[in-house]
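Coordinate analysis (summary)
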Amino acid sequence: MQGQDGERDRHGARNGGDRSPGTPDEMPAEASAETSAGAPAGTAAEVPPGTPLATPDPEPRRGRPRSAAAERAILDAVIALLEAGEPLAGLSIERIARTAGVGKATIYRRWSDKEELFVDVVRDMEPDDPPVSGTEGLADLRVMLESLRTRGLAQRSSALLHNIFAQMKSHPKLWNEYHGTVIAPRRLAMVKAVRRAVAAGELRDDLDVELIDDLFVGPMLVRTVHRPDAPLPDDLADRIITALLQGLAPAARV
């Protein structure tokens, strides 16, 4: 997957907090200690004369730090349930939490709903998006086409991943979440690479950029999605790029 999801982290958590929707912030330990020492809740503690006032914290306190182990346990729990034959539609947050050994609030601190969680499960199972330069044209296109080929290989080699994609397409809300957070950013990155290639003089500037992008991606999608029995050789990305650059018309006869 390409590395253009910087707006949020890999597991969908929002910046600046680790609490579930509708759950109040936890009481800081200092406040808890003062209350237990005898100061009535909701009243100000009496300060002796001459005592300097405490300087307020420069930033508000944040919630508890997220646990990477808890996130891993949640993702693994979903995968284990799917491997056991549970359909995506039948999985509930309660069942996932029980299998992972965490509370429901722990899940909701990281994902707003099941669809967001399931998308991260798929992203976790797929090969990672390789980094691209962000400055090259054809070179970045080749990297992204190769990434598409390796994801196709992953789906062919994993019956579970193939089954998940089949189920996702029958659940519009889940598929729309995957499309919006994964597919759309990938396509945007490729279109940007095409624009860089055009600007650098590597590609024609008299064609629609979206059409050029489709010409590069189309052959790889046909091989990986529509022809599951078609070969996906290591040099497929290079062959696609070379064929497009050279054109399909026969060489002129001398």
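What follows concerns the pattern of salt bridges. If you walk through the whole model with that rule in mind, you get 19 salt bridges. One salt bridge in this structure joins Arg186 and Asp129, with 3.6 Å as the shortest N-O distance. Note that Arg186 is positioned in helix α8 (residues 172-199) and Asp129 in the loop between α5 (114-125) and α6 (138-157), a separation of 57 residues in sequence. For Arg186, a relative accessible area of 8% corresponds to the buried category. Residue classification places Asp129 among the buried residues on the basis of a relative accessible area of 14%. For the salt bridge of Arg149 with Glu146, the shortest nitrogen-to-oxygen distance reads 2.7 Å. Of this pair, Arg149 and Glu146 both sit in helix α6, 3 residues apart, which is roughly one turn of that helix. Accessibility assignment for this pair places Arg149 and Glu146 in one class, buried. A network of salt bridges, in which partner residues are shared, links Glu126, Asp129, Arg151 and Arg186.

Conventions and cut-offs
- Sequence order sets the numbering: in each chain, residues are counted from 1 along the sequence as written.
- Where totals are concerned, whole chains, interfaces and linings use all residues; where local detail is concerned, this predicted model gives features only for residues with pLDDT of at least 70, and gives and counts side-chain atom pairs only at 80 or more.
- Processing note: side-chain calculations cover all non-hydrogen atoms of the structure and skip hydrogens and water entirely.
- Any Lys or Arg side-chain nitrogen found within 4 Å of a carboxyl oxygen on Asp or Glu counts as a salt bridge.
- Elements are defined by DSSP. Helices are runs of H or I of four residues or more, strands are runs of E of two residues or more, and each kind is numbered from the N terminus.
- Remark: exposure states derive from per-residue accessible area (1.4 Å probe, protein chains only) relative to the maximum for the residue type, with buried under 20%, exposed over 50%, and partly exposed in between.

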